[in-house]
Amino acid sequence: DAGVIQSPRHEVTEMGQEVTLRCKPISGHDYLFWYRQTMMRGLELLIYFNNNVPIDDSGMPEDRFSAKMPNASFSTLKIQPSEPRDSAVYFCASSFLRGGFDTQYFGPGTRLTVL
Amino acid sequence: AQTVTQSQPEMSVQEAETVTLSCTYDTSESDYYLFWYKQPPSRQMILVIRQEAYKQQNATENRFSVNFQKAAKSFSLKISDSQLGDAAMYFCAYRNNAGNMLTFGGGTRLMVKP
């Protein structure tokens, strides 16, 4: 399997611009997670989906952030408008619940820099 | 809310030696899961090992093993015969039985000296 695929790997943009991060989960996985990693806050969960439905978005920092999962093989995280404090590494992870237990497999991450 | 604490920001080990990374967590749950993830400079988060809380036997994966002390809420990672490729950030993570969300510790940076 190709693993979780994220694009782009690096994104540099200017404050106020719209940013879209993309994720393709592992085929057959029914959970998808978006995380953000910063030096100050470490790794924090933003939102997760089950069977394409958002389950918990309590980690989304504010209304500027939105996430969608239109089908089982694709998800986006959008920031509009972007701000310098959004600079971070954004990870997508997917998992498959089996016997009440799952293991999350992470993508390579997208390093976002907002100038 | 659950919290995960890694008290060692940095650790260093000589190649071929053994090192232990510490992790403690706080929970009121009796059934949960614990993980160690490795993050090398490539930033990829790689699963190292996992432990189900209901299992008394400590998990082992080749050179990696854990010391799971449920009463003490401790979950340490032992790396035997350390290799240069083990140099990375290591994150301890907790998942309760009811949900799928992972709570991560702050990480430990492991350096391996040749």
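Here the structure is shown first, and the text comes after it.
Please read all numbers here as calculations on a predicted model, not as lab measurements.

Peer 1: Can you tell me about the interface of chain B and chain A, naming the residues and giving the values?
Peer 2: The partner chain A presents 24 residues to the 18 residues of chain B that form the contact. Across the interface of chain B and chain A, roughly 1,800 Å² is buried in total on both sides, 53% from carbon and sulfur atoms. A per-residue breakdown of the area chain B buries against chain A is headed by B:R43, B:N100 and B:M101, which together make up 37% of the total. One can count zero salt bridges joining chain B with chain A. When residues of the side of chain B that touches chain A are traced back to their parent elements, those giving at least two are β5 (32-39), β6 (46-52), β10 (88-96) and β11 (102-104) of chain B. With four residues, the top contributor of residues to the side of chain B that touches chain A is β5(B). Here the residues of the side of chain B that touches chain A are counted per class, giving nine nonpolar, five polar and four charged.

Peer 1: Hey, could you go over the sheet that holds strand β1 (residues 5-7) of chain A for me, with residue numbers and the actual values?
Peer 2: Residues and elements named next belong to chain A. Pairing in this open sheet of four strands is antiparallel, and the strands run β1-β3-β8-β7 from one edge to the other. Sheet topology places β1 and β7 (65-71) at the edges, where each strand pairs with a single neighbour. Shown here is a sheet whose adjacent strand axes are inclined to one another by a mean of 15°, direction ignored. The pairing of β7 with strand β8 (residues 74-79) spans five bridges and is classified as antiparallel. Bridge assignment links N71 to a residue of β8, and that residue is F74.

Peer 1: Just give me the short version of the packing of aromatic side chains, but keep the residues and values in it.
Peer 2: Throughout the structure, instances matching the rule amount to 17 aromatic pairs over all chains. Pairing A:F106 with B:F104 gives two aromatic rings, centres 6.1 Å apart and planes at 75°, and the pair type is edge-to-face. On the criterion of chain membership, the pair formed by A:F106 in strand β10 (residues 105-106) and B:F104 in strand β11 is interchain, its members lying in two chains. Taking relative accessible area as the criterion, A:F106 reaches 5% and is therefore assigned buried. Residue B:F104 is classed as buried on the basis of its relative accessible area of 9%. The interplanar angle of 55° and the centroid separation of 6.0 Å between the aromatic rings of B:Y37 and B:F104 together place this pair among those described as tilted. On the criterion of sequence distance, the pair formed by B:Y37 in strand β5 and B:F104 in strand β11 is long-range, its members being 67 residues apart.

What counts as what
- Residues numbered from 1 in each chain as written.
- Chains lettered and ligands numbered in written order.
- Predicted model: local features only at pLDDT ≥ 70, side-chain atom pairs only at ≥ 80, totals over all residues.
- Heavy atoms only, no water.
- Contact = heavy atoms within 4.5 Å.
- Buried area = accessible area lost by both parts, 1.4 Å probe.
- Salt bridge = Lys/Arg side-chain N within 4 Å of Asp/Glu carboxyl O.
- Helix = DSSP H or I, 4+ residues; strand = E, 2+ residues; numbered from the N terminus.
- Nonpolar A, V, L, I, M, F, W, Y, C, P; charged D, E, K, R; others polar.
- Pairing = 2+ DSSP bridges.
- Axes fitted to C-alpha atoms, helices over the stretch in contact; angles between N-to-C directions.
- Phe/Tyr/Trp six-rings, centres within 6.5 Å; stacked < 30°, edge-to-face > 60°.
- Buried < 20%, exposed > 50% of the residue type's maximum accessible area, 1.4 Å probe, protein only.

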